[in-house]
Amino acid sequence: MRQQHEITSRQPLLDEKGDLREPGWARGLIPAYSREDVKASRLRLKEWDYYMITDGHIGLALTIADNGYMGLDSISFLNFDEGWQKTKSPMRILPMGKTRLPETSAEGASEIAKGGYAMAFYHEDGVRKLTFHMDKFLGKDAIEGMIELSDAPEESMVIATPFEKSAHFYYNQKINCMRAEGWIELGEKRFELTKDRFFAVLDWGRGVWTYHNTWYWGSASGELDGVPFGWNIGYGFGNTEAASENVLFYDGRIHKLSEVTFNIPQKDGKDDFLSPWTFTSDDNRFYMDFTPVLDRASCTNFGVLKSDQHQVFGRFTGRITLDDGTVLPVRDFFGFAEKVENKW
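From a predicted model like this one, the values you see are computed outputs, not experimental measurements.

S.K.: Account for the overall build of the chain, naming residues and giving values.
M.R.: Looking only at helices and strands, one finds 0 helices and 25 strands in the chain. Against the 2.2 N^0.38 benchmark of 20 Å for 344 residues, the chain shows a C-alpha radius of gyration of 19 Å, consistent with a compact globule. Taking the principal axes of its C-alpha atoms as reference, the chain extends roughly 50 × 50 × 45 Å. For the chain, the proportion of contacts with a sequence separation of at least 24, taken over those separated by at least 6, is 55%. If you sum the accessible surface of the chain, you get close to 14,700 Å²; carbon and sulfur atoms cover 48% of it. Within the chain, the 52 negative side-chain charges are centred at a point lying 5 Å from the centre of the 40 positive side-chain charges.

S.K.: Report on the packing of aromatic side chains, specifying residues and quantitative values.
M.R.: One pass over the full model with this rule turns up 35 aromatic pairs. Ring geometry for Phe273 and Trp277: centres 6.2 Å apart, planes at 50°, overall tilted. By the burial criterion, Phe273 is buried, and Trp277 matches it. Ring plane angle 50° and centroid distance 5.5 Å describe the contact between Phe279 and Phe316, whose orientation is recorded as tilted. Remark: Phe316 occurs in strand β24 (residues 306–321) and Phe279 occurs in strand β22 (residues 277–281); sequence separation between them is 37 residues.

S.K.: Describe in detail unusual backbone geometry, supporting the description with residues and values.
M.R.: Phi angles above zero are rare outside glycine, and Lys136 is one such case at about 45°. Residue position: Lys136 is located in strand β9 (residues 127–138). The phi dihedral of Asp268 falls on the positive side, at around 55°, and the residue is not glycine. Among the structural elements, Asp268 can be located in the loop between β20 (266–267) and β21 (270–271). A relative accessible area of 76% places Asp268 in the exposed class.

S.K.: Talk me through the sheet that holds strand β16 (residues 227–235); I want residue IDs and the actual numbers.
M.R.: Adjacent strands of a sheet pair through backbone hydrogen bonds, lying either parallel or antiparallel. As summarised here, the arrangement of the 9 strands in space is β18-β17-β16-β15-β25-β24-β23-β22-β19, forming an open sheet in which the pairing is antiparallel. The sheet is open, and its two borders are formed by β18 (253–256) and β19 (260–263), each paired with just one other strand. Strand-to-strand, the axes of this sheet are offset by a mean angle of 25°, without reference to chain direction. By the bridge criterion, 3 bridges tie β22 to strand β23 (residues 286–301) in an arrangement that is antiparallel. Bridging from a neighbouring strand, Phe279 pairs with Met288 of β23.

S.K.: Lay out the nonpolar core in plain terms, naming residues and giving numbers.
M.R.: Nonpolar side chains tend toward joint burial in soluble globular proteins. Ranked by internal contacts, the top residues of the largest apolar core, which has 46 residues, are Ile53 and Ile143. The dominant element in this core, judged by the number of residues it contributes, is strand β12 (residues 169–186), at 7 residues. Residue contacts for Ile143: discarding those within four places in its chain leaves Leu60, Ile75, Phe77, Phe132, His133, Met134, Phe137, Ile184, Glu185 and Leu186. Within the second largest apolar cluster, 25 residues are counted, among which are Tyr216, Phe273, Met288 and Ile320.

Procedures and definitions
- Just so you know, the residues in each chain are numbered from 1, in the order the chain's sequence is written.
- In view of the model being predicted, local features appear only for residues whose pLDDT reaches at least 70, and side-chain atom pairs are presented and counted only at 80 or more, with totals across whole chains, interfaces and linings using the full set of residues.
- With hydrogens and water excluded, all non-hydrogen atoms of the structure serve as input to the side-chain values.
- Numbered from the N terminus, helices here are DSSP runs of H or I no shorter than four residues, and strands are runs of E no shorter than two.
- Atoms counted for the radius of gyration: C-alpha only. Globule rule: 2.2 Å times the number of residues to the power 0.38.
- Two residues form a contact once any of their heavy atoms are found within 4.5 Å.
- Here the open area of atoms and residues is found with the Shrake-Rupley method and a 1.4 Å probe, where only the protein chains shown may cover a residue.
- Counting rule applied: Lys, Arg positive; Asp, Glu negative; His and chain ends not counted.
- Lys charges are placed at NZ, Arg charges at CZ, Asp charges at CG and Glu charges at CD.
- Note on ring pairs: Phe, Tyr and Trp rings are taken, using the six-membered ring of Trp, and paired if centres are within 6.5 Å. Classes follow the plane angle, with under 30 degrees stacked, over 60 edge-to-face and the rest tilted.
- Only protein chains enter the accessibility calculation, which uses a 1.4 Å probe. A residue is then buried if its area is under 20% of the maximum for its type, exposed if over 50%, and partly exposed in between.
- Only strands that DSSP links by at least two bridges are regarded as paired with each other.
- Fitted lines through C-alpha atoms give the axes, limited to the stretch in contact for helices. The angle between two N-to-C directions lies from 0 to 180 degrees.
- Throughout this description, the term nonpolar core refers to a set of buried Ala, Val, Leu, Ile, Met, Phe, Trp, Tyr and Cys residues connected via side-chain atoms within 4.5 Å.

In structure tokens:
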């Protein structure tokens, strides 16, 4: 098992060279990110806010991203019971930071409005509010909605990961187990989201990445015997000697895991994403069987730019171990796991 360095002191995230002052993990946004401290080209700076909301029957994903040379704004609607999804991701050329995404997830607004669509993620009255609209999302049908996220846990997963290249880093926060309520309208259909059933995760990312990466990420949020529960697992990019991003969320608190491995089945020498997976950890605190129900797959390949994504949703059954040694069984817990290769 690898030692996990926890960051506990407040300081600027980056030093005068644009490198991380202190690689490791934290229970909140303790290091302070500032766009002015980044020393790499603005073409290389990547910033995004991604929300996933689901009850295991339907799902909604919203993204506003400014990746320097390219902006990407995305809406996904997923129907797990019927086995289909629709994603539309308009691109913007050379936003170069002009999207002005906030330097912290705790305040400010992330907003975009272009021809045919608009999204806004903001704070109001102690909750996060998400509004969105896109024309001709599914055929001629538009999609729109308003969702409030509340009951954020006291602790979140934060990790500061360096790359081997100078002035390259990734600063990331995952807020799991937020409760969601509101509505989604897709054409003539209206979906009501209630706090007792719908949960959300925020993936808040800021950083300067190297060109070619393959990452693995898994996330789940819900209740385990009436207690808010979930996890964040992942690996595959940067230098993770200081810490992994693997954590359990239980009743508002983080329980730190060591290394987790995604065991994706193979068929004819290729990943077989819709067959059952397993997940194991070197500290024997996370073991899951995973039964997929839907692969949100997409591949964009322009030669020098490529994004090959498989975000697979399904149900997890297994066991987890909390920091105090308590072992809890998990059965049919809804979440997702993904493998993404990017040349960007």
